[in-house]
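This is what each chain is made of:
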Amino acid sequence: MKNISFKLKSLLTAIAMTSAFPNVAEIIPAEQVIKDITYLAADDLEGRASFSPEIDRAANYIAKRFTDIGLQPLSSAKADNQSSSFLQKFTVSQIQPQVLSVTINNANISQGNLAIASTMESVNWQQAGAEVHVINKNDDMRDTLSALNQKGGQHLVIINNAHAKSFHAYQNYFNRGITKLSLEHRGAIVMVLSDVGEINTYNVKASATITEQALTNVVGILPAANTEHGKEIILYSAHYDHLGVTEDGKQIYNGADDDASGTTAIINLAQYYAKQGNNKRSLMFSAFTAEEIGGFGSKYFSQQLNPDNVVAMINIEMIGKPSKFGAGTVWMTGMERSNLGALLNEKLSAQNTEIYQDPYPEQGLFYRSDNATLARLGVPAHSFSSTQLDKDQHYHQTSDDINSLDLSSMHKVIESLAVATQSLVDSTVTPTRIDKAKVRAQGKIY
Ligand SMILES: [Zn+2]
């Protein structure tokens, strides 16, 4: 990074002059915020891709910070050293299709017109074994596939040539293989692009290889100062993985905003509350892996604790640039699903600021981050963000680097969240639970 020391100095001056919460700013030092995000978004970490050696370096950095702050590990599992006890390791399965051959009414279908999404090592359907579906010219292909994915099981889907373009998009996607946290649901969707009207006979053979790959969350806990509400957890989270490098390996997706900014926030919130040392509820800080490739970090994490104990989840995603409501402001997803936003705003009204409602409901952001996994379990789990996603030129681009951020705005958002969530930490408020029945389920196959 060029001229960082010069930039740093001017940033610090800017932050000192504009801090909205002077008392909080003294405890959340701007120098530390900048140091953390500079490390996490540096070229050195090669874009923190899941399964890369560089993401492990990011994990070690976060674990070291948790150690220095004085957090405790989630379990008493034996670890090589204190820092590594914060690492929550698990594996996912990657299913890569190998062979796929299909005949319909005794005619072979060419490879270019076939695709498969499967959690099974082999598929062998001869006139039976699958539910057969036809997607006609005027049917909604995406809706139909998504319904089959939610249902699970084994499906042969004949798709009219009118959908060729979408078919090839799915084909590209499925050809790269699919990743699953668990293979407990065995199912397959075989797609055939064909105008054949009636299916009299079918024959499908497919095989895939399954490999296990390792992933790591970083989780630390600040136990409650006394035991009265100690079982109750306030979860602060962010994802620390990103997209790695471009296909030619020449450019780096630094992911400074997405989501080194949120990761920096949870580290510094941990430091803030640890220094206060009087939290009435237990505070958990989780840096999730593999959000970008399917949210596997939060899925695994959610199975390692009783979600009923999680009073609220503050998931922080992309807070590095001013929101459309102004520098230092933040909005939240799914505000209407619990009263968490209203409770937080009670705290903020004295500061003449507020947490806004997600201004991009059409983007479905509630489902596009790790909060959705916990929300499915009833936790008031929301993402807090300041991205202007409708016009952000840097989103998922190699230009999402530290130079594109407004670190002063980001620092203010962290302060704002520290102030806003104080009543959760103090155990003076308890948000309503999210209605699980109203949270869309995840697909079983892809
Ligand atoms: Zn992203």
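For clarity, every value in this text was computed on a predicted model and none was experimentally measured.

## Re the nonpolar core
Part 1 of the argument: Counting 89 residues, the largest nonpolar core has Ile62, Ile266 and Leu417 as its most contacted members.
Part 2 of the argument: Setting aside residues up to four positions removed in sequence, Leu417 forms contacts with Ala265, Leu269, Ile314, Val330 and Phe384.
Part 3 of the argument: The next biggest cluster of nonpolar side chains, apart from the first, holds 33 residues, and it includes Leu114, Ile116, Phe167 and Met191.

## Details of helix 3 (residues 30-40)
Part 1 of the argument: Residues of helix 3 that are buried include every one of Ala30, Val33, Ile34, Asp36, Ile37 and Leu40, and no others. End-on view of helix 3: buried residues confined to an arc of 165 degrees, all on one side of the axis.

## Quick look at the confidence of the model for the protein chain
Part 1 of the argument: Summarising the model, the protein chain shows a mean pLDDT of 92, and 93% of its residues fall at 70 or more.
Part 2 of the argument: Contacts of residues 1-7 to residues separated by more than four positions or lying in other chains number three contacts, the stretch itself having pLDDT below 50.

## Some points on the sheet that holds strand 4 (residues 114-118)
Part 1 of the argument: Reading across the sheet, the four strands line up as 4-9-7-6 and stay open at both edges, with mixed pairing between neighbours. Taken across any chain shown, the strands that pair with only one partner, and hence form the sheet edges, are strand 4 and strand 6 (131-135). Averaged over all adjacent pairs, the angle separating strand axes in this sheet is 15 degrees, with direction ignored.
Part 2 of the argument: Pairing geometry for strand 7 (residues 154-159) and strand 9 (residues 188-193), over six bridges, is parallel. Within the sheet, the bridge partner assigned to Leu156 lies in strand 9 and is Val190.

## Examining the environment of Gln363
Part 1 of the argument: Tracing the chain through its elements places Gln363 in the loop between strand 15 (355-357) and helix 10 (371-375).
Part 2 of the argument: Overall, Gln363 belongs to the partly exposed group, with 14 C-beta atoms counted inside 10 Å.
Part 3 of the argument: When the C-alpha atoms of Gln363 and Asp390 are compared, they prove to be 8.7 Å apart, with 27 residues separating the residues in sequence.

## Notes on the domain arrangement of the protein chain
Part 1 of the argument: When the domains of the protein chain are assigned, the result is domain 1 (4-90 + 215-438) and domain 2 (92-212).
Part 2 of the argument: Each of domain 1 and domain 2 has a C-alpha centre, and the two are 38 Å apart.

Thresholds, definitions, all that
- Residues numbered from 1 in each chain as written.
- Predicted model: local features only at pLDDT ≥ 70, side-chain atom pairs only at ≥ 80, totals over all residues.
- Core = buried A, V, L, I, M, F, W, Y, C linked by C-beta atoms within 7 Å.
- Buried ≥ 20, exposed ≤ 12 C-beta atoms within 10 Å, placed from the backbone.
- Contact = placed C-beta atoms within 7 Å.
- Helix = DSSP H or I, 4+ residues; strand = E, 2+ residues; numbered from the N terminus.
- Arc of directions from axis to C-beta.
- pLDDT = per-residue confidence, 0-100.
- Pairing = 2+ DSSP bridges.
- Axes fitted to C-alpha atoms, helices over the stretch in contact; angles between N-to-C directions.
- Domains from an automatic or database assignment.

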